[in-house]
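If you want the building blocks of each chain, they are given just below.
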Amino acid sequence: MKKFLEGLGVLLLVVGVAGVIREVTGGWFHFMGLTRFLTENVGFLEGRELFTNVVVAVVGLALAMGASRIAKD
């Protein structure tokens, strides 16, 4: 379970950072915006793409750090 949570956290961190890079560069890197599917399909997130990507990255970092504190089974 620990490795799964760490992996999920790292994946969310990478996706969030890639989304931030995509938004900051003006959408040049289309393949980096995995969270655009979330922001395009959820109404209240539309227009808040940068904020959404930062939140995803922070949640991923917190999940990875929290999972690393779990004792080994």
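The structure displayed is predicted, hence computed values, not measured ones.

Some points on the packing of helix α1 (residues 2–24) against helix α3 (residues 49–68)
Right, so step 1: One way to put it is that α1 packs onto α3 with a least axis distance of 7 Å and a crossing angle of 155°. Classified by the angle their axes make, α1 and α3 are roughly antiparallel. The handedness of the crossing between α1 and α3 comes out as left-handed.
Right, so step 2: In terms of residue class, the contact of α1 with α3 is made up of 17 nonpolar, six polar and four charged.

Examining the environment of Val 59
Right, so step 1: For Val 59, the position within the fold is in helix α3.
Right, so step 2: Here Val 59 falls in the partly exposed class, since its relative accessible area comes to 46%.
Right, so step 3: Note: C-alpha distance between Val 59 and Gly 16 (43 residues apart in sequence) is 9.0 Å.

Observations regarding the pattern of salt bridges
Two side chains of opposite charge can pair, provided their charged atoms sit close to one another.
Right, so step 1: Enumeration according to the criterion identifies two salt bridges in this entry.
Right, so step 2: The shortest N-O distance in the salt bridge between Lys 3 and Glu 6 comes to 3.9 Å. Residue Lys 3 and its partner Glu 6 are both found in helix α1; the two are separated by three residues, about one turn of the helix.
Right, so step 3: By relative accessible area, which is 18% here, Glu 6 ends up buried.
Right, so step 4: In this structure, the salt-bridge partner of Arg 22 is Glu 23, at a minimum N-O distance of 3.3 Å.
Right, so step 5: Judged by relative accessible area, Glu 23 falls into the partly exposed class, the value being 28%.

Description of the confidence of the model for the chain
Right, so step 1: Averaged over all residues, the pLDDT of the chain equals 85, while 95% of them reach at least 70.
Right, so step 2: Within the chain, the lowest mean pLDDT, 78, falls on helix α2 (residues 36–41), and the highest, 92, falls on α3.

Describing α3
Structural remark: α-helix, 3.6 residues per turn; residues separated by three or four positions point the same way.
Right, so step 1: The terminal C-alpha atoms of α3 lie 29 Å apart, and with 20 residues this matches the ideal 28 Å at 1.5 Å per residue to within 8%.
Right, so step 2: Of all the residues in α3, the buried ones are Thr 52, Asn 53, Val 56, Ala 57, Gly 60, Ala 64 and Ala 67. Projection of α3 onto a plane perpendicular to its axis shows the buried side chains occupying an angular sector of 135°, all on one side. Along α3, the residues that are exposed and aim more than 90 degrees away from the buried face are Phe 51 and Met 65.
Right, so step 3: Looking at the buried residues of α3, the elements they touch are α1 and α2.

What counts as what
Residues numbered from 1 in each chain as written. Predicted model: local features only at pLDDT ≥ 70, side-chain atom pairs only at ≥ 80, totals over all residues. Heavy atoms only, no water. Axes fitted to C-alpha atoms, helices over the stretch in contact; angles between N-to-C directions. Helix = DSSP H or I, 4+ residues; strand = E, 2+ residues; numbered from the N terminus. Parallel < 35°, antiparallel > 145°, perpendicular 65-115°, else oblique. Left-handed = near helix turned anticlockwise from the far one by under 90°. Nonpolar A, V, L, I, M, F, W, Y, C, P; charged D, E, K, R; others polar. Buried < 20%, exposed > 50% of the residue type's maximum accessible area, 1.4 Å probe, protein only. Salt bridge = Lys/Arg side-chain N within 4 Å of Asp/Glu carboxyl O. pLDDT = per-residue confidence, 0-100. Expected span 1.5 Å × (residues − 1). Arc of directions from axis to C-beta. Contact = heavy atoms within 4.5 Å.

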